[in-house]
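Coordinate inspection notes
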Amino acid sequence: VSMFRPVEVSAQFTRSRADGEWDTAVSPKLKTNIVPTAIGSWGVAISATAAFDLLTNENTALFVTVPATLRLSNVVRINLNAGWQLDRTVNRNYFTYGAGFDWRTPDNVWTLTGEVFGQAGVAEQTGVVEPRFQLGLRYRPIDLFSVDLIYGRNLAGERANWITLATVIRFKPAEK
């Protein structure tokens, strides 16, 4: 979308269960590149996300993140990010951080991704500010569709492992 500059608009829909309770949420996101990435140099962007609980109709969190990517080659990237989160459910602010890599096949059909991430600040619940990790494999048979299988550590402080199966559908902008 063009909003004074190109802006990526997306939304993540989530269905999850914690302590036997189901939740459904949507997280709309806006992202724009500040410095484009190129092989051998850092690219920088900024993104803003809001999280909405669709069962209670409440805004549960706000995020602002500055991601940076160093492309080492056409198939290997290093990713770093720093940001801020307002957890509205407990009215807490957190500093967020992450580091990871993407290594894909030359045809971009398979990608191996690994990352560590976390948040720093005062937490009411044990484990909320402990670092997390995940390792995943993406299968992208066509440019507009992919399937991810991810193993990682729970974000909500329960110290539980997780396996995520996700699909991504990309929409191509209309040609002029």
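Relevant structure appears above.
Residues numbered from 1 in each chain as written. Predicted model: local features only at pLDDT ≥ 70, side-chain atom pairs only at ≥ 80, totals over all residues. Heavy atoms only, no water.

**Thoughts on the overall build of the chain**
To keep things clear, this is the line we draw: Elements are defined by DSSP. Helices are runs of H or I of four residues or more, strands are runs of E of two residues or more, and each kind is numbered from the N terminus. Values of the radius of gyration come from C-alpha atoms, whereas the globule rule sets the reference at 2.2 Å times the count of residues to the power 0.38. Buried, partly exposed and exposed residues are distinguished by accessible area as a fraction of the type maximum, computed with a 1.4 Å probe on protein chains only: under 20%, between the cut-offs, and over 50%, respectively. In what follows, residue pairs with any heavy atoms lying within 4.5 Å of each other are defined as contacts.
Each helix and strand in the chain was counted, giving 0 helices and 10 strands. The secondary structure elements of the chain, listed N-terminal to C-terminal, are β-β-β-β-β-β-β-β-β-β. Computed over C-alpha atoms, the radius of gyration of the chain comes to 17 Å, within 12% of the 16 Å expected from 2.2 N^0.38 for 176 residues, which places it in the range of a compact globule. The buried share of the chain, taken over its 176 residues, is 27%. Long-range contacts, defined here as pairs at least 24 residues apart, represent 33% of the contacts in the chain between residues at least 6 apart.

**Observations regarding the pattern of salt bridges**
Where charged atoms from two side chains of opposite charge approach closely, those side chains can pair. What counts here: We define a salt bridge as a contact between a side-chain nitrogen of Lys or Arg and a carboxyl oxygen of Asp or Glu at a distance within 4 Å.
The final tally for this structure, using the stated rule, is 3 salt bridges. With its nearest N and O atoms 2.7 Å apart, the salt bridge here joins D148 to R138. Pair noted here: D148 is in strand β9 (residues 145-153) and R138 is in strand β8 (residues 132-142), with a separation of 10 residues, a long-range link. Residue classification places D148 among the buried residues on the basis of a relative accessible area of 10%. Residue R138 is classed as partly exposed on the basis of its relative accessible area of 28%.

**Observations concerning the environment of A166**
Structurally, A166 can be placed in strand β10 (residues 161-169). Under the relative-accessibility criterion, A166 is labelled partly exposed at 23%. Counting along the chain gives 19 residues from A166 to V147, while the straight-line C-alpha distance between them is 5.7 Å. Other than its neighbours up to four places away in sequence, A166 contacts S146, V147 and D148.

**Side note on the sheet that holds strand β2 (residues 21-35)**
What counts is decided by this rule: One requirement defines pairing of two strands: DSSP has to find at least two bridges between them. Between the N-to-C directions of two axes lies an angle of 0 to 180 degrees, each axis being a line fitted to C-alpha atoms and, for a helix, fitted only over the stretch in contact.
Strands sit in the order β1-β2-β3-β4-β5-β6-β7-β8-β9-β10 across an open sheet of 10 strands; the sheet is antiparallel. Looking at the sheet topology across the chains shown, the edges are occupied by β1 (8-18) and β10. Strand-to-strand twist in this sheet, taken as the mean axis angle between neighbours without regard to direction, amounts to 20 degrees. Pairing of strand β7 (residues 110-120) with β8 involves 8 bridges; the strand directions are antiparallel. Bridge pairing in β8 links F117 to R132.

**A short note on unusual backbone geometry**
Of note in the backbone geometry, N57 takes a positive phi value of approximately 55 degrees without being a glycine. In this structure, N57 sits in the loop between β3 (42-53) and β4 (58-71). With phi around 60 degrees, N108 is a residue other than glycine that occupies positive phi space. Mapped onto the fold, N108 is located in the loop between β6 (92-104) and β7.

**Structural notes on the packing of aromatic side chains**
To keep it simple, the criterion reads: Working definition: a ring pair exists when centres of Phe, Tyr or Trp rings (six-membered ring for Trp) sit within 6.5 Å. Plane angles under 30 degrees give stacked, over 60 give edge-to-face, the rest tilted.
Tallied over the full model, the rule gives 3 aromatic pairs. Between W110 and Y139, the aromatic rings sit 4.8 Å apart at their centres with planes inclined by 40 degrees, giving tilted as the arrangement. With W110 in strand β7 and Y139 in strand β8, this residue pair connects regions lying 29 residues apart in the sequence. Classification of Y139 as partly exposed rests on a relative accessible area of 34%. Seen from their ring centres, F133 and Y151 are 6.0 Å apart, and the 50 degrees between their planes marks the pair as tilted. Taken together, the residues F133 in strand β8 and Y151 in strand β9 connect sequence positions 18 residues apart.

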